[in-house]
Amino acid sequence: MMLLPEPRDIPPRLATGAFILNSGLGKLKADEGTAQGLHGMASNAYPFLGKLEPARFTRLLAWSEIAVGATLLAPFVPTRLAGLALTGFSGGLFGLYLRTPGMREPGSLRPTQDGIALAKDSWMLGIGLGFLGAGGYRVRATAKCRTRRGCSR
């Protein structure tokens, strides 16, 4: 038996998966200046990342995004597992939003104009948390299971 994503989970998996995959593929081609900018912002929020060189950090970030995006797009990956990957990844990005000065209005979670690009990670975090509670359809390879009524759950 294989668990497939429920129909309601497919649109957010496709949208977030494609978005994250595209972002990761773009970062594979990052130049030195882009790598330094990404690394600088991340290491300000998470000081332990300062130990990595910018090019290596950017490659690791790119491959992480590619892995998370592909996980979300792969229908054979259970939604809960995809949700775990998305929650972990977007949680780190949302932490970047919370920890980076100038991204939020003082004393608020509301983003500044500069913080809007990072505030979108709150949506991905919400989607990931929702996926953690997901179920799935059980699919059997029998003829009587072609309709939902014929399948035992």
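Residues numbered from 1 in each chain as written. Predicted model: local features only at pLDDT ≥ 70, side-chain atom pairs only at ≥ 80, totals over all residues. Heavy atoms only, no water.

The name given to the protein in an unreviewed UniProt entry is DoxX family membrane protein, and the organism recorded there is Streptomyces drozdowiczii.

Asker: What is the right way to read the overall build of the protein from this model?
Answerer: On a plain count of helices and strands, the protein comes out with 6 helices and 2 strands. Starting at the N terminus and walking to the C terminus, you meet the elements of the protein as β-α-α-α-α-α-α-β. Relative to its full complement of 153 residues, the protein shows a buried share of 35%. (Helix = DSSP H or I, 4+ residues; strand = E, 2+ residues; numbered from the N terminus. Buried < 20%, exposed > 50% of the residue type's maximum accessible area, 1.4 Å probe, protein only.)

Asker: What is the right way to read a nonpolar patch on the surface from this model?
Answerer: A cluster of nonpolar side chains, namely Leu81, Leu84, Leu129 and Leu132, defines an oily patch on the protein surface of about 370 Å² accessible area. Mapped onto the nonpolar patch, the elements with two or more residues apiece are helix H4 (79–99) and helix H6 (121–132). Mapping Leu129 onto the fold places it in helix H6. (Patch = residues over 30% accessible without salt bridge, like charges linked within 9 Å, V, L, I, M, F, W, Y side chains within 5 Å. Areas by Shrake-Rupley, 256 points an atom, 1.4 Å probe, with all protein chains shown as cover. Salt bridge = Lys/Arg side-chain N within 4 Å of Asp/Glu carboxyl O.)

Asker: Looking at this structure, I do not really get the confidence of the model for the protein. What am I missing?
Answerer: Predicted coordinates in regions of low pLDDT should not be interpreted in detail. Across the protein, the average pLDDT comes to 88, with 86% of residues at or above 70. The least confident element of the protein is strand S2 (residues 137–139), whose mean pLDDT is 55; the most confident is helix H3 (residues 54–73), at 97. (pLDDT = per-residue confidence, 0-100.)

Asker: Got a minute to help me understand the UniProt feature "transmembrane region" (unreviewed entry) in the protein in this structure?
Answerer: Mapped onto the present numbering, the UniProt feature "transmembrane region" (unreviewed entry) falls at residues 83–100. Helix makes up 94% of residues 83–100 and strand makes up 0%, while its end C-alpha atoms are separated by 25 Å. (UniProt positions renumbered as here; feature names shortened; annotations may be inferred.)

Asker: When you look at the side chain of Asp9 in this model, what are you seeing that I'm missing?
Answerer: Within the secondary structure, Asp9 sits in the loop between strand S1 (2–4) and helix H1 (10–27). Note on Asp9: relative accessible area 6%, which makes it buried.

Asker: In this structure, what is going on with the pattern of salt bridges? I would like to understand it.
Answerer: One side chain can pair with another of opposite charge once the charged atoms of both are near each other. Under the criterion given, the structure shown has 4 salt bridges. Note that Arg8 and Glu6 form a salt bridge whose closest N and O atoms lie 3.5 Å from each other. Lys27 is the partner of Glu65 in a salt bridge, and the nearest nitrogen-oxygen pair spans 3.2 Å. Note that Glu65 is positioned in helix H3 and Lys27 in helix H1, a separation of 38 residues in sequence. Each of Glu6, Arg8 and Asp9 takes part in salt bridges that share partners, so that together they form one network.

Asker: Can you help me understand the nonpolar core in this one?
Answerer: Nonpolar side chains in soluble globular proteins tend to be buried together. Formed by 24 residues in total, the largest nonpolar core has its most connected members in Ile20, Leu72, Leu86, Phe89 and Tyr97. Element by element, the count of residues in this core is highest for H4, at 7 residues. Not counting the four nearest positions on each side in its chain, Phe89 is found in contact with Ile20, Leu61, Ser64, Glu65 and Val68. (Core = buried A, V, L, I, M, F, W, Y, C linked by side-chain atoms within 4.5 Å. Contact = heavy atoms within 4.5 Å.)

Asker: What should I look at first to understand the environment of Gly128 in this one?
Answerer: Mapped onto the fold, Gly128 is located in helix H6. Overall, Gly128 belongs to the buried group, its relative accessible area being 0%. Each C-alpha atom, one on Gly128 and one on Pro12, is 9.4 Å from the other, the two residues being 116 residues apart in sequence.

Asker: Before we go on, may I ask you to explain H3 in this structure?
Answerer: Turn by turn, an α-helix covers 3.6 residues, leaving residues three or four places apart pointing in a common direction. If you check H3, its first and last C-alpha atoms are 28 Å apart, about what 20 residues at 1.5 Å a residue would give, namely 28 Å. Turning to H3, its buried residues number three or more, namely Phe57, Thr58, Leu61, Ala62, Glu65, Ile66, Val68, Gly69 and Leu72. (Expected span 1.5 Å × (residues − 1).)

Asker: What am I meant to see in the packing of H3 against H4 here?
Answerer: In a pair of packed helices, the angle between the axes and the distance between the axes together describe the arrangement. Viewed as axis vectors pointing N to C, H3 and H4 meet at an angle of 150 degrees, and their least axial separation amounts to 9 Å. As for how H3 packs across H4, the hand of that crossing is left-handed. Contacts between H3 and H4 pair Leu61, Ser64, Glu65, Val68, Thr71 and Leu72 from the former with Ala82, Ala85, Leu86 and Phe89 from the latter. Its residues assigned to classes, the contact of H3 with H4 comprises 7 nonpolar, 2 polar and 1 charged. (Axes fitted to C-alpha atoms, helices over the stretch in contact; angles between N-to-C directions. Left-handed = near helix turned anticlockwise from the far one by under 90°. Nonpolar A, V, L, I, M, F, W, Y, C, P; charged D, E, K, R; others polar.)

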